[in-house]
Amino acid sequence: MTVTPPRAGAEGGAGGVAGGEVGDVSGGTGDGTAGYTVSGMGGSMVGATAGGTNGHTVGGASANPVGATAGGTGGHTVGGASGGPAGGTVAGTGGGAIARTGSGRRDRAPGAVGGGAPAGPVPLPAARTAPPAPPHPDDPPSSRFLAKAALVTVALSIAGALLGLGRDQALAHLFGAGSETDAFLVAWTVPEFASTLLIEDGLAFILIPAFSMAVARRAQGAPGDPVRALVASTLPRLSLAFVAACALLIVGAPYLVEGLAPGLPDPQLAVDCTRLTATCVLGFGFAGYCSAVLRAHRRFVAPAVIYVAYNTGIITAMFVLGGHWGVRSAALGVALGSGLMVAAQAPSVWRQLRRKKVTQDAGGVEEARPMDLSLVTTVLLFALCRQSQVLIERFLASSLPAGAISHLNYAQKVAQMPMVLSLMLCTVTFPVVAQAIAEGDTERARTRVERDLALVSCTVLLGTAVVVACAPQMIQLLFQRGAFNAHDTAATASVMRVYALGLLGHTLVGALVRSYFSGGRPTWYPLFAMTAGIIATSWIGALTVGSWGVLGIAAANALGITISAALLLYGMGPRSVPIRTREVLAELSKPVRAALVAAVAGGLCASRMDSPLLGLLAGGTAVTVVFALLAWALGVQGFAPALRSLTQRLPHVRFR
């Protein structure tokens, strides 16, 4: 078969590039076995495939061109000129047109050089099926990749969480739940805040979208290396900020301890521990920066392993130095562990920064956006406000008998494990939502967010039911040994059950706030929602701590975070991803009902066993079975496809 175009040359080059490089597949046509049409950029493109097994049709660069291509691996592009009414211009060497072949190679289509000279018939090669092109490292992630990333992240997070439990077990075994542990836990406020601001929420919400944009611009062939340029412009300034914050905390440690816990019996021990833990600001800052770089490059293993390294450092320091330094050894372990977090990621970051940039046509490269100071401000203020719940709890508990802060801490650490694991999915899908919002595809973003909400809510509610049903057995197995006695077990289990009532709120806040900040634009609404919850926590805690003690503090936490979650859910439409709020709430009510019944059934089974291990097994099994049956009967969206949702074909990814 031949095609006889009226012109050849430069205008054909434009058509070839527009159709061959930027077009979207829009359907099959022609008499070939697997022909398909590709439309170019701008205007109405019409093409046809004739003959051949794998012919490709490519349109021109603007208004209403008509062109045709036939044949297989040669992939010669025939595109219309700008404004051409009919017929095609053969992409010529002089026009610089490049057509992508069926096998993934790039060839220049034969044609005349210059403009206006008529061209003769162009013979096209025989059609044949070509193997698919290998995926490029910067292509959008496939569903299989998302599944593997989520599973690896969850597995390593579980390992880190188990080591975190081992860390708390070692702390309870070596130092009990008395005044010495209370002093360390006041100093523990520093790494808790630093991890939220620099690793988990604050810095991640700013840097991941920024590095994702830089990676995309590098893949598009932007001048220089946008990733290295972003590192050069941000890392020195952030390093100075980390050093300044670390120095300020060391100098101001006495005032910080006095403000956090004015009723401590041994404030000097808390000051010493605070000065040691303050050094983690440097380690956490660099660790969070490395995590943002790697996640933007779709590298999730090293960022997920950081808490394994961190808790390993703390546990080692306590057992090696605990006999001489006492609880100060745990504070020194925080500093050591933060350094290990950086060391675990540094080799991977170095490999990504040394990658050779992709050389492509830079004509369609999006301009780099400067980092918005108002975005940084809103993100950091939100993270600070969210973490201030811990400050309120410890401030109120400092006036209670010794051990109250420790009971709150142990209960919170165990109860929050279901929330931490359920939010791992949002960690992986955060760049997907950000990409959809950046492209203006709100439907794609809405679908992803609604799926995430259904899945994480179902997961955390199952975990909540287990925590409520089996709290005494869990605490006894984890902590009741050494200086941690039966009284501490009973007090911690009671607090943990009340804490668990707010797990759904904590999970929804963690999932929803990513949608607010995924567009890389400042918004003050999340800060407003979180501030309202903090005010509620403060007032409820102050009113109930006198009569209910630590239980009143835990209840205030649960109610306050639930208020914040409700406000964030209410504001999703006009201020973030426009999800269907009523449908989401109706769907959330199903696993809530299942969890309530399952918790009662599991608690009855667990209480009938004398052994804590058998009680935990019986209660956990009963909760799981009852929850699964009720979720199936109610048609819970996030339960049946919980595993399948990670491997099914998603609408926003390409397959090769």
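Residues numbered from 1 in each chain as written. Predicted model: local features only at pLDDT ≥ 70, side-chain atom pairs only at ≥ 80, totals over all residues. Heavy atoms only, no water.

### Details of the overall build of the protein
Right, on to step 1. A count of helical and extended segments in the protein gives 24 helices and 12 strands.
Right, on to step 2. When burial is assessed residue by residue, the protein has 53% of its 656 residues classed as buried.
Right, on to step 3. For the protein, the accessible area works out to roughly 27,300 Å², and carbon and sulfur atoms hold 65% of it. (Helix = DSSP H or I, 4+ residues; strand = E, 2+ residues; numbered from the N terminus. Buried < 20%, exposed > 50% of the residue type's maximum accessible area, 1.4 Å probe, protein only. Areas by Shrake-Rupley, 256 points an atom, 1.4 Å probe, with all protein chains shown as cover.)

### Notes on the packing of aromatic side chains
Right, on to step 1. All chains considered together, the criterion is met by 10 aromatic pairs.
Right, on to step 2. Aromatic pair Tyr410 and Phe484: ring centres 5.5 Å apart, planes at 75°, arrangement edge-to-face. In this pair, Tyr410 is assigned in helix H14 (residues 404-415) and Phe484 in the loop between helix H17 (442-479) and helix H18 (486-500), connecting sequence segments 74 residues apart. Phe484 shares its class with Tyr410; the two are buried. (Phe/Tyr/Trp six-rings, centres within 6.5 Å; stacked < 30°, edge-to-face > 60°.)

### Thoughts on the confidence of the model for the protein
Right, on to step 1. When pLDDT is averaged along the protein, the result is 73; 69% of the residues meet or exceed 70.
Right, on to step 2. Of all helices and strands in the protein, the one with the weakest mean pLDDT is strand E5 (residues 46-49) (35), whereas helix H24 (residues 612-634) scores best (93).
Right, on to step 3. A low-confidence stretch, residues 1-140 stays under pLDDT 50, and its non-local contacts, those more than four residues away or across chains, total 286 contacts.
Right, on to step 4. When the criterion is pLDDT under 50, residues 642-656 qualifies, and its contacts beyond four places in sequence or with other chains add up to 33 contacts. (pLDDT = per-residue confidence, 0-100. Contact = heavy atoms within 4.5 Å.)

### Looking at the nonpolar core
Right, on to step 1. By size, the foremost hydrophobic cluster in this structure holds 145 residues, and its most contacted members are Leu171, Phe184, Phe211 and Met496.
Right, on to step 2. Top contributing element to this core by residue count: H17, with 16 residues.
Right, on to step 3. Non-local contacts of Phe211, meaning those with residues more than four positions away in its chain, are made with Val227, Leu230, Val231, Tyr289, Ala292, Val293 and Ala296. (Core = buried A, V, L, I, M, F, W, Y, C linked by side-chain atoms within 4.5 Å.)

### Regarding helix H4 (residues 189-200)
Residues separated by three or four positions in an α-helix point in the same direction, a consequence of the helix having 3.6 residues per turn.
Right, on to step 1. For H4, with 12 residues, the first-to-last C-alpha span of 15 Å sits near the 16 Å given by 1.5 Å per residue.
Right, on to step 2. Most of H4 is tucked away: 11 of the 12 residues are buried.
Right, on to step 3. Along H4, the positions that sit buried rather than exposed are Thr189, Val190, Pro191, Glu192, Phe193, Ala194, Ser195, Thr196, Leu197, Leu198 and Ile199. (Expected span 1.5 Å × (residues − 1).)

### Focus on the packing of H4 against helix H9 (residues 280-296)
Right, on to step 1. It is at 8 Å that the axes of H4 and H9 come closest, and there the two elements cross at 25°. Judged by the angle between their axes, H4 and H9 are roughly parallel. Relative to H9, the crossing made by H4 is right-handed. Across the interface between the two elements, Val190, Pro191, Ala194, Ser195, Leu198 and Ile199 from H4 touch Cys280, Val281, Phe284, Gly285, Ala287, Gly288 and Arg295 from H9.
Right, on to step 2. Of the residues in the contact of H4 with H9, the class split is 9 nonpolar, 3 polar and 1 charged. (Axes fitted to C-alpha atoms, helices over the stretch in contact; angles between N-to-C directions. Parallel < 35°, antiparallel > 145°, perpendicular 65-115°, else oblique. Left-handed = near helix turned anticlockwise from the far one by under 90°. Nonpolar A, V, L, I, M, F, W, Y, C, P; charged D, E, K, R; others polar.)

### Section: a nonpolar patch on the surface
Right, on to step 1. Judged by side-chain polarity, Met609, Leu613, Leu614 and Leu617 come together as a nonpolar surface patch covering roughly 370 Å² of accessible area.
Right, on to step 2. Relative to the helices and strands, Met609 is located in the loop between helix H23 (581-607) and H24.
Right, on to step 3. Residue Met609 is classed as partly exposed on the basis of its relative accessible area of 37%. (Patch = residues over 30% accessible without salt bridge, like charges linked within 9 Å, V, L, I, M, F, W, Y side chains within 5 Å. Salt bridge = Lys/Arg side-chain N within 4 Å of Asp/Glu carboxyl O.)

### Examining the packing of helix H7 (residues 253-260) against helix H8 (residues 267-277)
Right, on to step 1. Running from N to C, H7 and H8 cross one another at 120°; their axes reach a closest spacing of 9 Å. Taken together, the axis directions place H7 and H8 in an arrangement best described as oblique. The two elements H7 and H8 meet at a crossing, and its hand is right-handed. Contacts between H7 and H8 involve Ala253, Pro254, Leu256 and Val257 from the first element and Pro267, Ala270, Val271, Thr274 and Arg275 from the second.
Right, on to step 2. Looking at the contact of H7 with H8 residue by residue, the class counts come to 7 nonpolar, 1 polar and 1 charged.

### Description of the pattern of salt bridges
Right, on to step 1. Throughout the structure, instances matching the rule amount to 8 salt bridges.
Right, on to step 2. Between Arg167 and Asp168 there is a salt bridge, and its shortest N-O distance comes to 3.2 Å.
Right, on to step 3. Taking relative accessible area as the criterion, Asp168 reaches 3% and is therefore assigned buried.
Right, on to step 4. Where Asp225 meets Arg228, a salt bridge forms, and the shortest distance between an N and an O atom there is 3.3 Å.
Right, on to step 5. Take Asp225: its relative accessible area is 13%, and that puts it in the buried class.
Right, on to step 6. Taking the relative accessible area as the measure of exposure, Arg228 reaches 41% and is therefore partly exposed.

### Topic: the state of the cysteines
Right, on to step 1. Going through the model one piece at a time under the given rule, you end up with 0 disulfides.
Right, on to step 2. Here Cys280 is not disulfide-linked; the sulfur of Cys246 is the nearest cysteine sulfur, at 8.1 Å.
Right, on to step 3. With no disulfide partner, Cys470 has as its closest neighbouring cysteine sulfur the one in Cys605, 9.0 Å distant. (Disulfide = S-S within 2.5 Å.)

### Here's the deal with the side chain of Thr492
Right, on to step 1. Turning to its location among the elements, Thr492 is positioned in helix H18.
Right, on to step 2. When its relative accessible area of 0% is taken as the criterion, Thr492 is described as buried.
Right, on to step 3. A distance of 2.8 Å separates the side chain of Thr492 from the backbone oxygen of Asp488, its partner in a polar contact.
Right, on to step 4. Those residues within four positions of Thr492 in sequence are excluded, and the remaining contacts are His407, Tyr410, Ala411, Ile475 and Phe484. (Polar contact = N/O pair within 3.5 Å; in protein donor to acceptor, adjacent residues only side chain to side chain.)

### Overview of the environment of Pro612
Right, on to step 1. Locating Pro612 in the fold gives a position in helix H24.
Right, on to step 2. Residue Pro612 is classed as buried on the basis of its relative accessible area, which comes to 18%.
Right, on to step 3. For the pair Pro612 and Pro472, spaced 140 residues apart in sequence, the C-alpha to C-alpha distance is 7.9 Å.
Right, on to step 4. With residues up to four places along the chain from it excluded, the contact list for Pro612 reads Gln473, Gln476 and Leu477.

### Overview of the environment of Ala270
Right, on to step 1. Examined against the element boundaries, Ala270 turns out to sit in helix H8.
Right, on to step 2. Note on Ala270: relative accessible area 0%, which makes it buried.
Right, on to step 3. Along the primary structure Ala270 and Val327 are separated by 57 residues, whereas in three dimensions their C-alpha atoms are 9.7 Å apart.
Right, on to step 4. What Ala270 contacts, discounting residues up to four positions off in sequence, is Ala183, Ala187, Val257 and Leu264.

### What to know about H14
Right, on to step 1. Taking 1.5 Å of rise per residue, the 12 residues of H14 would be expected to cover 16 Å, and the 16 Å separating its terminal C-alpha atoms lies within 8% of that figure.
Right, on to step 2. In terms of burial, H14 is largely enclosed, as 12 of its 12 residues are buried.
Right, on to step 3. Every buried residue of H14 is accounted for by Ala404, Ile405, Ser406, His407, Leu408, Asn409, Tyr410, Ala411, Gln412, Lys413, Val414 and Ala415.

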